[in-house]
Amino acid sequence: MAARNKYGNKKFVDQHGTRWDSEKEYYRWVYLKQALQQGKISNLERQVVFELLPNIKEEQTVQLKTKTKTVIKTVQHRVTYHADFVYVKDGERIVEDVKGHPRLLTAEYLLKKKMMRALLGLEIKEVYNETDKI
């Protein structure tokens, strides 16, 4: 039996061996693939990574046994958002995230959603039902 995360969804593996974050996400993919085949959408991608903030690096002096060396180290890692699906509909790029319920949106997700809009000018479309209209 697959372990559930704190929001109740289970990881899911389809008949091809592809891993999904949830069964709901898999069925949304099936729905979007049908829309792609029917010509309703184009350029369908899954698990697209958007960089919201880059790594922050600093020069640091490191004392080795025989010498002192200056190196560049990452002091804070980049901030990214992983979209479940991205596609084009009527010339507009759509970024989708499959969610279980509106009350289960985390503070981290809401912050990244706001950063996507403010920094990249992209809205995230939340999908709660696999067959929500595209």
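Keep in mind that what you see is a predicted model, and the values were worked out from it rather than measured. (Residues numbered from 1 in each chain as written. Predicted model: local features only at pLDDT ≥ 70, side-chain atom pairs only at ≥ 80, totals over all residues. Heavy atoms only, no water.)

Enquirer: Please explain the overall build of the chain as it appears in this structure.
Expert: Within the chain, the secondary structure is distributed over 2 helices and 8 strands. Its C-alpha radius of gyration of 20 Å places the chain more than 25% over the 14 Å reference for a compact globule of 134 residues. Taking the principal axes of its C-alpha atoms as reference, the chain extends roughly 65 × 40 × 30 Å. Looking at the chain as a whole, 28% of its 134 residues are labelled buried. As displayed, the chain has an accessible area near 9,500 Å², and 49% of this comes from carbon and sulfur atoms. Of the side-chain charges in the chain, 26 are positive and 18 negative, and the distance between the mean point of each set is 5 Å. (Helix = DSSP H or I, 4+ residues; strand = E, 2+ residues; numbered from the N terminus. Rg over C-alpha atoms; globule rule 2.2 N^0.38 Å. Buried < 20%, exposed > 50% of the residue type's maximum accessible area, 1.4 Å probe, protein only. Areas by Shrake-Rupley, 256 points an atom, 1.4 Å probe, with all protein chains shown as cover. Lys, Arg positive; Asp, Glu negative; His and termini not counted. Charge placed at Lys NZ, Arg CZ, Asp CG, Glu CD.)

Enquirer: When you look at unusual backbone geometry in this model, what are you seeing that I'm missing?
Expert: Glycine aside, residues mostly have negative phi, and peptide bonds are mostly found in the trans state. Residue N43 is not a glycine yet carries a positive backbone phi of 55 degrees. For N43, the position within the fold is in strand 3 (residues 42-53). Here the phi dihedral of Q47 falls at roughly 55 degrees; this positive angle occurs in a residue that is not glycine. Turning to its location among the elements, Q47 is positioned in strand 3. The partly exposed category is assigned to Q47, whose relative accessible area is 31%.

Enquirer: Explain the pairing of strand 5 (residues 68-76) here, please?
Expert: Sheet faces and side chains relate simply in a regular strand, where the side chains alternate between the two faces. Pairing geometry for strand 4 (residues 56-63) and strand 5, over 8 bridges, is antiparallel. By the bridge assignment, Q63 is partnered in strand 5 with T68. The loop that links strand 4 with its antiparallel partner strand 5 comprises 4 residues. (Pairing = 2+ DSSP bridges.)

Enquirer: Looking at this model, I keep getting lost on helix 1 (residues 23-37). Mind explaining?
Expert: Every α-helix carries 3.6 residues per turn, so stepping three or four residues along brings you back to the same face. The terminal C-alpha atoms of helix 1, which comprises 15 residues, lie 21 Å apart, in line with the 21 Å expected from a rise of 1.5 Å per residue. Of the residues making up helix 1, those classed as buried are E25, Y26, R28, W29, L32 and A35. Elements that come into contact with the buried residues of helix 1 comprise strand 1 (12-13), strand 2 (19-20), strand 3, strand 6 (79-89), strand 7 (92-98) and strand 8 (124-127). (Expected span 1.5 Å × (residues − 1). Contact = heavy atoms within 4.5 Å.)

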